[in-house]
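Descriptive structure summary
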Amino acid sequence: MAKLPVSVDKIIEEFGPHKAYPPQGGFYGTNEPDKLVKTHCCYCGMQCGIQLKVKDNKIAGFEPWMEFPFNEGRLCPKGVQRYMQNNHPDRLLSPIQRVEGKGFEPIGWDQAMDKTVSEIKRIQKTYGNDAFAMLSGVSLTNEKSYMIGKFARVALKTANLDYNGRLCMVSAGGGNKKAFGLDRSSNSWADLKHAEVIIVAGANISETFPTLTHYIWQARDNGAKLIVVDPRMIPLARTADLHLPIRPGGDSALFGAMLKILVDNDWLDHDFIDNHTSGFAETIEAVKDYDLEWAEEQTGISKELILEAATMWGKAKTSFLLHARGIEHHTKGVENVLSCINLVLATGRIGKPYCGYGTITGQGNGQGGREHGHKCDQLPGNRDITNPEHRKYISEVWGIDEKDMPGKGLTAYEQIEAIHRGEIKGLISICFNPLVSLPNNNFVREALDKLEFYVCIDTFLCETARHADIVMAGSLHEEEEGTVTTAEGRVVKINEAITPPHNARRDGEIIMEIADRLGAGDKFNFATSEDIFNELRVASKGGTADYYGITYQRVEENMGVFWPCPSLDHPGTPRLWEDRNFETPDGKAHFNPVKYRPASEVTDKEFPVVLTTGRVVSQYLSGTSTRRIGKLVDQYPEPLLEIHPKLALQYGIENRDLVKVKTRRGEAYFPAHVVETIREDTVFIPYHWGGKSSANQLTIGNLDPISKIPEFKVCACQLFPTTEKGSKERTDTAYQSWL
Amino acid sequence: MSETKYNQEMAFFVDMQRCIGCHACEMACAECETNGQESMIHVNYVDRAVSTQTTVQVCMHCEDPTCANVCPADAIHQDDFGVVHSADTSRCIGCSNCVLACPFGVPKKMEEAELMMKCNMCYDRTSAGKKPMCATVCPSQALYYGTKEEIEKMRPDSVPVNSFLFGKQEVNTKVNIMMPKGTHQLIIE
């Protein structure tokens, strides 16, 4: 039974979220720490270098790390406050178990392990191995990501392992594999500095990757033109040379029309196209009718702006195109990505200094965590679980019979659907809070309630964990050594600053003990994180994401090494494709024809307004940690409905009025934030909150056919003004996720 | 003062065009032990209804500080390097003269403590050869701490301005505001 054991208010009272603040003079020892530990921020894909102050095995504060080359001390508000988790009063300090009518009670590790393993065995014996699924996350290190991939296949013996990267950058991964045969940003961020033109499409850099802003501003100091494609006037767009306020869902129409303009004006690199690419003819055939009138209609951007953007891009000698979830969270996410890549390939501006392209990975280890077997269709080194040679190689590394290696499983949202249908009966999750982060989350809640057994490993009792039978107290980023791979492909070192508090344990130890109790202990005989990394190196050898030449020592000595790095004497690869030798079977970069098609749910008379979702600078993902940090909560305490004054006037909505937003999935109330910085036909709600404040009660669970990413960025809604104003009580309690 | 590593060539620069309104500077400023979790730097929207433009206000460290001049208790001290320090807690009488007189609206009276508090250019850090906390963490480098030559070389389209005309009062400051090239003085009517 995975229903709440008691009312949600009782759970919140005991486990939070509660807001924590540092004491007035700082934590004990902040002025005289025992040591400063060089590590990285636990949040976004920038993985900024930071030093944590440690006193008596507790985190006492932070000190900027000036020498780390990406950020040179710079941090965002989340980075400044990230040290607040270790001392947090909500921190889980031992395993707990669900007790009907009472809530959650502390238990010993033996009891938690016995119950978990007996339930895994019971469910798998009764319903088959795949009836027990695993959901993981890429805020975990490379070592944990790798080990979980192995754990699910070798110890749990299930095909159904997937991860929250499925909500993050899988569309980019799908597009990059098709076009380049490899899934990584093609350049380090250093190539931004002297690019003549930068396109930022669907990437709210100044709120989601704030420290990358410095690189964009530096480029502009050097004369770069900045083009921002976003339905909202995000902070980065405010001073941009061009802001293209696109209607959500119009991305591939815009990029298709721009490609046609490049072709019509012969702003093409024929030598590159002829010698190093394939598929150009079919690709331009697909966009031959995409004239400016058509594009204006599909995108909601004026003809003049589209032409100006294409002209800037077409005439540039160097350029960098960046995108993120804004174009990827769509049922045509892969197509949107490919339509961007087509613009890059047509101008041949890749694999050269200041010529770059890349997705900006959102999660801390969104890059590394998507390379080493964390996904339902993947084995380490970004290998394919359906490829016989790949299966054979990894089976040998793992010491198992290839026949025992499970096949391709269900993706994250498909797992939830299978739970809802009653096909998956048991679940283990780590580092994933689907009740907040998945679309149509009332459906997700129904699914969780149907599980026969759910065990969650986490540091805090996240909203999803409220439905668990057992919660195992795991470790924070600073409590376990490892590596992560940043959004630019740089493998960096996460150093253990402190040990987990009280009876909490390192995630790696928890996974290894479950594996041991499931009879696979001999396959998880790792004494240190470095042992795991060394096995990962071998497992990745020869794959597209080749880490073989990267060692802990090299990472520390060089402040990171860029993969691919196939041998110990290889310097690493900050800039891909300098040799024009792409990782596709024919060695060429592939153009892919993209025909525009509408979003899965478009507006109509009944649901006339476009709803899009996104993030705010003070929160990270589903807020499991950031909704517990007082200053971050106070900065933006509750999700607001951003609405243009003209649309607001049409409905008689004034600033702070409480508005009911309704979609075909559900309805929820949000105070209006009437601002001119959004399109007139679109409303925006940030998604980091749970319960009644969750934007994902409204979003749609339709998936991209290739990447299986949900369409968070566009659906149709109705607006109903109420006579109430947003109340102080609502504002003050939104972070807690009341039902 | 002879032991200090304070480098007088280093200056503080604010570029509002670069500010992304993230509040990292406030968060980091408040971490300083002497600030007691209160930030001495403030980020505000200019008019959120129409724009995401934010401004950031920090003590400008005037060459001839009005706050010190109007202080009846002689509590506000300007050191040999031109840094204007927070009111000396043993002298400050909480009269708010400085709060009312500052042309930039910087000093705040901490009502609970009945004391004035303001930025002292992270004296603990700058006198030890480090950068102020806010300018260290600022992810967009809207806040920059370095030499005038460095910033003029890095940002060729703008110039640092440290002269302000408030009506008839000319105020010259240690802190610079980055303005479009050709600007020499900011005139506030």
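Everything that follows concerns the structure shown earlier in this document.
In this report, the structure presented in the accompanying data block is examined. These numbers come from a predicted model, not from an experiment.

Section: the overall build of chain A
- Helix and strand content of chain A: 24 helices and 28 strands.
- Expected size for 739 residues packed as a compact globule is a radius of gyration near 27 Å; at 24 Å, chain A falls within 12% of this value.
- Taken along its principal axes, the extent of the C-alpha atoms in chain A is 70 × 70 × 55 Å.
- The burial tally for chain A puts 64% of its 739 residues in the buried class.
- For chain A, the proportion of contacts with a sequence separation of at least 24, taken over those separated by at least 6, is 75%.

What about helix H12 (residues 303-315) of chain A?
Residue and element names in this part refer to chain A.
- For H12, spanning 13 residues, the distance from its first C-alpha to its last is 18 Å, which sits close to the expected 18 Å at 1.5 Å a residue.
- Residues Ile306, Ala309, Ala310, Trp313 and Gly314 constitute the buried set of H12. For H12, the buried positions fall inside an angular range of 130° around the axis, keeping them on one side.

Thoughts on the sheet that holds strand S18 (residues 470-473) of chain A
All names here are of chain A.
- Spatial ordering of the open sheet is given by S5-S4-S18-S17-S16-S6-S7, a layout of seven strands whose pairing is mixed. Of all strands in the sheet, those bounded by a partner on one side alone are strand S5 (103-106) and strand S7 (161-163). Ignoring strand direction, the axes of neighbouring strands in this sheet form an average angle of 20°.
- Note: strand S4 (residues 96-99) against S18, two bridges, orientation antiparallel. Within the sheet, the bridge partner assigned to Gln97 lies in S18 and is Ile470.

Considerations on the interface of chain A and chain B
- Contacts between the two partners involve 34 residues from chain A and, on the opposite side, 29 residues from chain B.
- Looking at the side of chain A that touches chain B, the elements with two or more residues in it are strand S3 (58-64), helix H2 (77-81), helix H7 (213-221) and helix H22 (630-635) of chain A.
- Take the side of chain A that touches chain B: its biggest share by element is four residues, from H7 of chain A.
- Here the side of chain A that touches chain B is built from residues that sort into 14 nonpolar, 15 polar and five charged.

Overview of the packing of helix H8 (residues 251-264) of chain A against helix H14 (residues 333-346) of chain A
All names here are of chain A.
- It is the contact of H8 with H14, at a shortest axis distance of 8 Å, that shows an interaxial angle of 20°. Taken as axis vectors, H8 and H14 run roughly parallel relative to one another. The crossing of H8 and H14 is left-handed. Residues Asp251, Ser252, Phe255, Gly256, Met258, Leu259 and Leu262 of H8 lie in contact with H14, whose contacting residues are Glu335, Asn336, Ser339, Cys340, Asn342, Leu343 and Ala346.

As for the environment of Gln736 of chain A
Residues and elements named next belong to chain A.
- With respect to the secondary-structure elements, Gln736 resides in the segment after helix H24 (728-733).
- Take Gln736: there are 23 C-beta atoms within 10 Å of it, and that puts it in the buried class.
- When the C-alpha atoms of Gln736 and Gly690 are compared, they prove to be 7.6 Å apart, with 46 residues separating the residues in sequence.

The rules behind the values
Starting from 1, residues in each chain are numbered consecutively following that chain's sequence as written. The lettering of chains begins at A and the numbering of ligands begins at 1, in the order of writing. It should be noted that, the model being predicted, local features are given only for residues of pLDDT at least 70 and side-chain atom pairs only at 80 or more, the latter also being counted only at that level, while totals for whole chains, interfaces and linings use all residues. Runs of H or I in DSSP of at least four residues are treated as helices and runs of E of at least two as strands, each being numbered from the N terminus. To get the radius of gyration, use the C-alpha atoms; to get the globule rule, take the number of residues to the power 0.38 and multiply by 2.2 Å. Every C-beta atom is placed from the backbone, and the number of other C-beta atoms within 10 Å of a residue's own sets its class: buried at 20 or more, exposed at 12 or fewer, partly exposed in between. The contact criterion used here is simple: two residues whose C-beta atoms, placed from the backbone, lie within 7 Å are in contact. One less than the number of residues in a helix, times 1.5 Å, gives the span that helix is expected to have. The directions from the helix axis to the C-beta atoms are what the arc is built from. Pairing between two strands requires that DSSP report at least two bridges joining them. Angular values range over 0 to 180 degrees, each being the angle between N-to-C directions of two axes fitted as lines to C-alpha atoms, with helices fitted over their stretch in contact. Think of it as three bins: nonpolar holds Ala, Val, Leu, Ile, Met, Phe, Trp, Tyr, Cys and Pro, charged holds Asp, Glu, Lys and Arg, and polar takes everything else, Gly as well. Convention used here: angles under 35 degrees read as roughly parallel, angles over 145 as roughly antiparallel, angles from 65 to 115 as roughly perpendicular, and any remaining angle as oblique. Crossings are assigned a handedness: left-handed for a near helix turned anticlockwise from the far helix by less than a right angle, right-handed for a clockwise turn.

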